[in-house]
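Examination of the molecular architecture
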Amino acid sequence: MAVTFSDLHTEAGVKSLDEFLSGKSYISGDRITKDDARVYAALPEEPSADLYPNASKWYQTVSSKLAPRFPRKAAGVGFGSQNAPAEAAPAKEAKVAGDDDDDIDLFGEETEEEKKAAEERAAATKASSKKKESGKSSVLLDVKPWDDETDMKKLEEAVRSIEMEGLLWGASKLVAVGYGIKKLQIMMTIVDDLVSVDTLIEERLTVEPINEYVQSCDIVAFNKI
């Protein structure tokens with residue numbers, strides 16, 4: 001039969017607990033049981049060591065094992081204080097695994113709900129870490145025209161017209177390659193997880209309408225920032 005006490009949110013309830021624990025280390029028997037868990041969960045805070053030494057000693061004894069499983073509720077002023085205690089929520093009996101057993105399983109396996117919650121936290125942490133670790137790169141491109149009659153100003157305008165998340169165009173210059181032909185060398189900064197340079201070249205820079213000016217593109221330099 002479970003051991004019960006009057007409302008442990010009142011001084012009378014804590015006093016009855018203190019009297020019951022006189023000469024005892026635990027509520028039932030010589031080790032922690034589900035009765036200790038129930039009483040611990042019902043108490044809003046640690047009993048005063050001065051007013052309730054037996055209850056305080058018991059609380060400190062079981063706290064190291066039970067605290068992780070029963071997070072303490074926000075408590076008001078301690079028992080025995082001259083100030084009125086904060087309004088407390090109705091005490092709820094702790095639900096303990098293995099209620100038909102004499103002893104509470106303090107080190108039992110995680111429930112399915114606990115495992116699922118842990119997996120979700122791990123996934124969220126991993127995703128957050130990956131996002132923070134996303135780096136940037138500085139890329140130098142050679143953009144070659146079809147011939148010496150290609151309007152290089154319009155070629156550069158066409159290249160810079162490409163806008164993508166994680167892409168930032170930088171400085172540029174024209175470099176002579178011979179026979180009156182010049183190529184455009186242009187810098188760009190990319191966020192690695194958002195922009196693929198190969199895809200940018202194959203699907204944006206060398207297709208219509210930009211391929212009216214651009215014959216080909218080559219990566220000259222690729223450096224992590």
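First, a word on what this report is: a plain description of the structure on this page. (Residues numbered from 1 in each chain as written. Predicted model: local features only at pLDDT ≥ 70, side-chain atom pairs only at ≥ 80, totals over all residues. Heavy atoms only, no water.)

Looking now at the nonpolar core. Ranked by size, the top nonpolar core spans 23 residues in total, and within it Leu141, Val143, Val159, Trp169 and Met188 carry the most contacts. Secondary-structure elements contributing two or more residues to this core are β1 (136-145), α5 (152-160), β2 (167-178), β3 (181-191), α6 (197-205) and β4 (214-224). Sequence-distant contacts of Leu141, defined by excluding residues within four places in its chain, comprise Trp169, Leu184, Gln185, Ile186, Met188, Val197, Ile201, Leu205, Asp218, Ile219 and Val220. Counting 18 residues, the second largest nonpolar core, distinct from the first, contains Ala37, Tyr40, Ala42 and Leu66. (Core = buried A, V, L, I, M, F, W, Y, C linked by side-chain atoms within 4.5 Å. Buried < 20%, exposed > 50% of the residue type's maximum accessible area, 1.4 Å probe, protein only. Helix = DSSP H or I, 4+ residues; strand = E, 2+ residues; numbered from the N terminus. Contact = heavy atoms within 4.5 Å.)

Moving on, we come to helix α1 (residues 11-20). Inspection of α1 places Gly13, Val14, Leu17 and Asp18 among the buried residues, and these make up the whole buried set. Seen along its axis, α1 keeps its buried residues to an arc of 140 degrees; they face one direction. Residues Ala12 and Glu19 are exposed on α1 and point more than 90 degrees away from its buried face. On its buried face, α1 sits against α2 (34-42) and α3 (53-66). (Arc of directions from axis to C-beta.)

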